[in-house]
Amino acid sequence: MKTHLALLFLVAGDFMLPCMSKQIFGIECPGCGIQRSIMMLIQGEFAAAFKMYPAVYPITTLFGFLVVDYFFRIRRSNIISIFLMVTSVIMILTNYIFKLL
Amino acid sequence: MEQQKLPNVTIAIILAILSYLCCCIGGVPGLILAGIAFFLVRKDENLYRENPEGYSNYGPLKTAKILAIIGLVLSIIFLVIMIYNIQKIGGWDAYWEQVQELKEQWGIEE
């Protein structure tokens, strides 16, 4: 929960963290672009958010689902959780590999 | 017997995914997050072993464990890459100089 709040704070406060590794070494990391992508989501630019960081959709869906599942009992939540987790990770990693190539 | 949910699975999943997203700051935050996630998963595994029939979300727990392990591996890889690169540009001092320069450029926002 606390992590969730911190993330919200980050987004809400126009408080984007810069990427040290990228500036100094030019290395991109699997999370590069997610802050901008979330900002685009908030501003309603859904296609641009996907292009910036495709995995933002499975990740936000996963987190949203976990929160809802925490408070309400959802049927088949196990399968949905697993599916969202696997989708998220696969998208994070494949997107990153594509970026590197 | 009503089945409960293992308490730490949700937090572990969130931490594990977050650990993928902050690899670049040297791998250390990722390592901490993935480490905590892994530790939480282990705690829940012990709980589950004591009472296998009493918990409903063993599946997500196993998946969360895999997520946490991948997070740990990724973080370690990035940590090694970071250390290697710091050595390449001449050691910790040179790296710190660059960080200071960048901080000045951005007006030390935090």
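Shown above is the structure to which this text applies.
Residues numbered from 1 in each chain as written. Chains lettered and ligands numbered in written order. Predicted model: local features only at pLDDT ≥ 70, side-chain atom pairs only at ≥ 80, totals over all residues. Heavy atoms only, no water.

## Overview of the pattern of salt bridges
Counting across every chain of the model gives 3 salt bridges over all chains. One salt bridge connects Glu 28 of chain A with Lys 99 of chain A, and the closest N-O pair in it is separated by 3.4 Å. In this pair, Glu 28 of chain A sits in the loop between α2 (20-24) and α3 (34-42) while Lys 99 of chain A sits in helix α6 (residues 77-100), placing the two residues 71 residues apart along the sequence. By relative accessible area, Lys 99 of chain A is classed as partly exposed at 32%. One salt bridge connects Lys 5 of chain B with Asp 69 of chain A, and the closest N-O pair in it is separated by 2.8 Å. (Salt bridge = Lys/Arg side-chain N within 4 Å of Asp/Glu carboxyl O. Helix = DSSP H or I, 4+ residues; strand = E, 2+ residues; numbered from the N terminus. Buried < 20%, exposed > 50% of the residue type's maximum accessible area, 1.4 Å probe, protein only.)

## Topic: helix α1 (residues 9-21) of chain B
Residues and elements named next belong to chain B. The end-to-end C-alpha separation of α1 is 19 Å, in line with the 18 Å expected for 13 residues at 1.5 Å each. Where burial is concerned, most of α1 is hidden: 12 out of the 13 residues are buried. Residues of α1 that are buried: Val 9, Thr 10, Ala 12, Ile 13, Ile 14, Leu 15, Ala 16, Ile 17, Leu 18, Ser 19, Tyr 20 and Leu 21. (Expected span 1.5 Å × (residues − 1).)

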